[in-house]
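# Survey of secondary and tertiary structure
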Amino acid sequence: MECARVRQLLSEYIDTALDTKIASIVEEHLEKCKDCSKEHASLNTLVNALGQLETVETPSDFLEKVHKRIEADSWLERVKHFLFFPARVKIPVELTALATAAVLVFIIFHTIQDNKLGKDLPSGTSETMVAVRSGNDSRETATNRPVVVETGSERDQGVIHLALSLEPIHKEKPLSSENIISVASGARQKSRETPGLSLETIRQEQNVSEPEGLVSNLKDIVSGIEGRLLSKEYKIGTDYPLYITIEIPAINYQVFLEKTGRIGSFQASIPSLPYGYKGRVRIQIQVISSN
Amino acid sequence: MNTHKSNKSNSSEEDTALVRDFQSGNRAAFDKLVLRHKDRVFSLCYRFFGDYQEAEDIAQDVFLKVYNSLRSFRFKSSFYTWIYRVAVNTCKNRAKSSEYRNMKMNVQLNNNPRNQDEVNQSIQTGGKQQTPLDDLEKEERTRLIQKAIDSLPTEQKAVIILRDIKGLSYKEMADITGNQLGTLKSRLSRARLGLKKQLGGLI
């Protein structure tokens, strides 16, 4: 066997890991070859030196440190497990989170759009009870009546606010004897207070004081359609109503218009309700004086 | 050559009993396993890196992994072989991660006072009468050998430590590393030749 081959086998030879036959060939070569023998001795010394390296003892508090590592690791693992579920759980969780986020974005966007729409509308009365605009809404009647668009905050309350102008039908009261007396006494009183004021003028003023049972008529109409009278505002110093506010169910709105149309005539366009609206309607009726 | 063959079969049975005990819920059994194997694991880690602190850290890592995996240990190998496997793999992984930071690890025995004191205290003199000069020579010799080991590639380092320092058989090495016998033999041969070259006239 050649020296190069023998040297390749020396490591196994030292470990007695060679086949018996090959081991004996190597041994035979080593007895004859000084260089290979020297190489063998050198390698043997190295292996012995490695085997005699001193043992390094473990620190005395090693077990305690291992305990601390275990404690720290278990806390970290709990957090990691919580955050990083196995894929079969993580994916559905992530998808659910994504879907929830999408729904939230939609709701927020939708709310912002609603608020923006409400702000853009012109206000009606000083109390901003209604915003009215004309439009080509297909839900309107053929006469292209304006559609009421409720303001945001009012809609939130579930009530639509409308404004109507009504000129009540005036009936001149025939002067009964009582009336004549009351008018005459009133006139005398007034003439004393206001010199030069003619009886006719006084009479006219008295006729203007309240449209013939308007408030009571409206009250009857409203109570008949499950509504209620909310407020009345009078001209200062008179019994003449300027504004009457009522509230009725939206489903009875048409009935209200019909019945009220018999006791007065509506001025300007009558607002219509949004299609399918089933809430309540609050109507401020402006009483128009014919004088 | 350091060996642990004398009581290996008894140790194996004791280890098995402790593992089963732990799997039944007795955490104290794990502590006993740590005490039984800590020196073995620690010295392997020390020889792998030549650094006391690093060895301590890695050895703790090893036992942490053992603790986390022990419940699912199936006794397909002995606990002894298994813990060595965990230790070798942990060392290899650590070596690979620090390879670019430190290509040639020098044993800083002299530059690290704590390390020096710790190592000196842990050195077994074997009962022989040593002169200070002997100690110094021994220390220098150890340092140079460790330096030579550090210069080896990771896989060669592993087989040198397992075979020549820890005294494991080829079969045990094959169980631990998962390598074929032929691979281990050739690897060991190359490692020894590499060390011999490094150490030159020292040996």
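That block above? That's the structure.
As a starting point, this report considers the structure included with it. (Residues numbered from 1 in each chain as written. Chains lettered and ligands numbered in written order. Predicted model: local features only at pLDDT ≥ 70, side-chain atom pairs only at ≥ 80, totals over all residues. Heavy atoms only, no water.)

Check the secondary structure of chain A and you find 10 helices and 7 strands. Split into buried and exposed, the 291 residues of chain A put 32% on the buried side. Of all intrachain contacts in chain A linking residues separated by at least 6 positions in sequence, the fraction that spans at least 24 positions is 66%. As displayed, chain A offers around 18700 Å² of accessible surface, 54% of which is attributable to carbon and sulfur atoms. (Helix = DSSP H or I, 4+ residues; strand = E, 2+ residues; numbered from the N terminus. Buried < 20%, exposed > 50% of the residue type's maximum accessible area, 1.4 Å probe, protein only. Contact = heavy atoms within 4.5 Å. Areas by Shrake-Rupley, 256 points an atom, 1.4 Å probe, with all protein chains shown as cover.)

Now for the sheet that holds strand 3 (residues 159–168) of chain A. Adjacent strands of a sheet pair through backbone hydrogen bonds, lying either parallel or antiparallel. Residues and elements named next belong to chain A. Taken in spatial order, the 5 strands line up as 4-5-7-3-6 in an open sheet, and their pairing is mixed. Pairing within the sheet leaves two strands with one partner each, and these edge strands are strand 4 (228–234) and strand 6 (264–267). Strand-to-strand twist of the sheet, defined as the mean angle between neighbouring strand axes without regard to direction, takes the value 30°. Its contacts with the sheet put helix 9 (residues 214–224) on strand 3, strand 4, strand 5 (241–249) and strand 7 (280–287), and the angle it makes with strand 5 is roughly 5°. Seen against the sheet, helix 10 (residues 253–260) touches strand 3, strand 5, strand 6 and strand 7 and runs at an angle of roughly 10° to strand 3. (Pairing = 2+ DSSP bridges. Axes fitted to C-alpha atoms, helices over the stretch in contact; angles between N-to-C directions.)

The interface is formed by 30 residues belonging to chain A together with 45 residues belonging to chain B. On the chain A side of the contact with chain B, Glu-54, Val-56 and Arg-69 of chain A bury the most area, a combined 18% of that side's loss. Counting across the chain A and chain B interface gives 8 salt bridges. In this structure, Glu-54 of chain A engages Lys-138 of chain B in a salt bridge whose closest nitrogen and oxygen atoms are separated by 3.7 Å. At the junction of chain A and chain B, the tally comes to 17 residue pairs in polar contact (both at pLDDT 80 or more). Residue assignment for the side of chain A that touches chain B shows that the elements contributing at least two residues are helix 1 (3–14), helix 3 (34–51) and helix 4 (62–83) of chain A. In terms of residue count, helix 3 of chain A provides more of the side of chain A that touches chain B than any other element does, 9 residues in total. (Buried area = accessible area lost by both parts, 1.4 Å probe. Salt bridge = Lys/Arg side-chain N within 4 Å of Asp/Glu carboxyl O. Polar contact = N/O pair within 3.5 Å; in protein donor to acceptor, adjacent residues only side chain to side chain.)

This brings us to the nonpolar core. Of all hydrophobic cores here, the largest spans 76 residues; its most connected members are Leu-50 of chain A together with Phe-30, Leu-44, Val-66 and Leu-70 of chain B. With 11 residues, helix 2 (residues 28–49) of chain B is the largest single contributor of residues to this core. The residues contacting Leu-44 of chain B, other than those within four sequence positions of it, are Tyr-84, Ala-87, Val-88, Cys-91, Ile-161, Leu-162 and Lys-166 of chain B. With 25 residues, the next largest nonpolar core counts Ile-221, Tyr-240, Ile-248 and Tyr-253 of chain A among its residues. (Core = buried A, V, L, I, M, F, W, Y, C linked by side-chain atoms within 4.5 Å.)

Turning to a nonpolar patch on the surface, a few remarks are in order. All names here are of chain A. Side chains of Met-1, Ile-22 and Ile-25 sit close together on the surface and give an oily, nonpolar patch of about 230 Å² of accessible area. Note that Ile-22 resides in helix 2 (residues 20–32). Ile-22 sits in the partly exposed class, given a relative accessible area of 32%. (Patch = residues over 30% accessible without salt bridge, like charges linked within 9 Å, V, L, I, M, F, W, Y side chains within 5 Å.)

A word on the pattern of salt bridges. All names here are of chain B. On inspection of all chains with the given rule, the structure shows 26 salt bridges over all chains. Ionic pairing is found between Arg-192 and Asp-164, a salt bridge with its closest N-O pair at 2.7 Å. Placement of the pair is Arg-192 in helix 9 (residues 181–199) and Asp-164 in helix 7 (residues 154–165), with a sequence separation of 28 residues. For Arg-192, a relative accessible area of 0% gives the class buried. For Asp-175, the salt bridge is made with Lys-171, and the minimal N-O distance between the two is 3.2 Å.

All names here are of chain A. As paired elements, strand 3 and strand 7 share 8 bridges and run parallel to each other. Bridged to Val-159 within strand 7 is Arg-280. Bridging between strand 5 and strand 7 involves 7 bridges; their strand directions are antiparallel. By the bridge assignment, Tyr-243 is partnered in strand 7 with Gln-286.

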